[in-house]
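Structure at a glance
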Amino acid sequence: MQLEKGTRRLQLKNAMRAKFDAIMVPIAGELIAPDQRKHVTFDAFFANTMFHEVAHGLGIKNTVNGRGTVRDALKELGSGIEEGKADVLGLYMVTRLQQQGELDGALEDFYVTFLAGIFRSVRFGAASAHGQANMVRFNFFADRGAFTRDEQGYYRVDMPAMRRAVDELSGVLLKLQGDGDYAGVQKLGDELGVLRPQLQADLDRLSSRAIPVDVAFTQGKSVLGLD
């Protein structure tokens with residue numbers, strides 16, 4: 001269906017604003033270096049999410065070596081790598097569009113907001129495709145110096161290193177999908193899809209500050225006074 005008709009995406013701006021205000025801003029205040037917190041913006045959060053969804057539609061659907069669809073070849077591992085691909089490929093597109101003057105805002109806005117977004121999504125846990133994908137990405141970036149953590153526990157994005165890491169990880173994930181490489185995806189998850197002690201300690205800090213994992217929308221007849 002996607003190959004024949006394309007895709008359509010819908011984002012609810014008020015719902016995303018609630019997530020940003022209640023979760024992203026407090027996370028930035030706790031974990032992002034003070035001098036970079038100004039780069040955590042709602043517009044960057046909205047754009048990063050939008051191009052994550054666009055990247056789903058633009059990704060590889062059929063393997064290049066006759067193994068059938070990517071979904072069939074990667075089986076239960078397909079969702080996790082697809083979410084990871086959408087994140088980094090989305091940021092790749094954001095980078096190119098910003099450089100071409102098609103997106104407003106400093107490039108640092110999108111990258112620092114992206115890092116804060118990893119802390120938000122990784123809290124969903126390994127059982128979630130988003131949570132697993134974020135652990136792989138966080139560890140991949142950490143190993144390549146895309147960000148640093150100081151003695152006070154604040155993270156700072158290294159822009160050149162993070163741009164290189166985004167390009168590299170995009171290539172890794174797209175190749176795994178195109179090859180339908182089940183064993184390769186499993187190896188990547190085993191090596192990087194783990195919650196390392198330092199990150200666990202930082203996530204515990206967020207929990208101790210009572211920062212919610214997600215927002216809940218109360219709805220139904222009772223809310224509308226229709227009972």
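Rules behind the numbers
Residues numbered from 1 in each chain as written. Predicted model: local features only at pLDDT ≥ 70, side-chain atom pairs only at ≥ 80, totals over all residues. Heavy atoms only, no water. Core = buried A, V, L, I, M, F, W, Y, C linked by side-chain atoms within 4.5 Å. Buried < 20%, exposed > 50% of the residue type's maximum accessible area, 1.4 Å probe, protein only. Helix = DSSP H or I, 4+ residues; strand = E, 2+ residues; numbered from the N terminus. Contact = heavy atoms within 4.5 Å. Expected span 1.5 Å × (residues − 1).

**Focus on the nonpolar core**
Leu 91, Phe 110, Tyr 111, Leu 115, Phe 119, Phe 141 and Met 162 are the most contacted members of the largest nonpolar core, which has 60 residues in total. The element contributing the most residues to this core is helix H6 (residues 107-122), with 10 residues. Ignoring anything within four residues of it in the chain, the contact list for Tyr 111 reads Leu 91, Thr 95, Val 157, Met 159, Met 162, Arg 163 and Val 166.

**Some words on unusual backbone geometry**
With the exception of glycine, most residues fall at negative phi, and the peptide bonds are largely trans. Of note in this structure, Lys 75 is not a glycine but carries a positive phi near 50 degrees. Positionally, Lys 75 belongs in the loop between helix H4 (70-74) and helix H5 (78-99). When its relative accessible area of 57% is taken as the criterion, Lys 75 is described as exposed. For Ala 210, which is not glycine, the phi dihedral falls at a positive 60 degrees. In this structure, Ala 210 sits in the loop between helix H10 (197-208) and helix H11 (221-224).

**Points about helix H8 (residues 159-179)**
Compared with the 30 Å implied by 1.5 Å per residue over 21 residues, the 30 Å span of H8 between its first and last C-alpha is a close match. Along H8, the residues classified as buried are Met 159, Ala 161, Met 162, Ala 165, Val 166, Leu 169, Ser 170, Leu 173, Leu 176, Gln 177 and Gly 178. Looking at the residues trailing H8, positive phi occurs at Gly 180, about 60 degrees.

As far as function goes, none of this settles anything; it's purely spatial.
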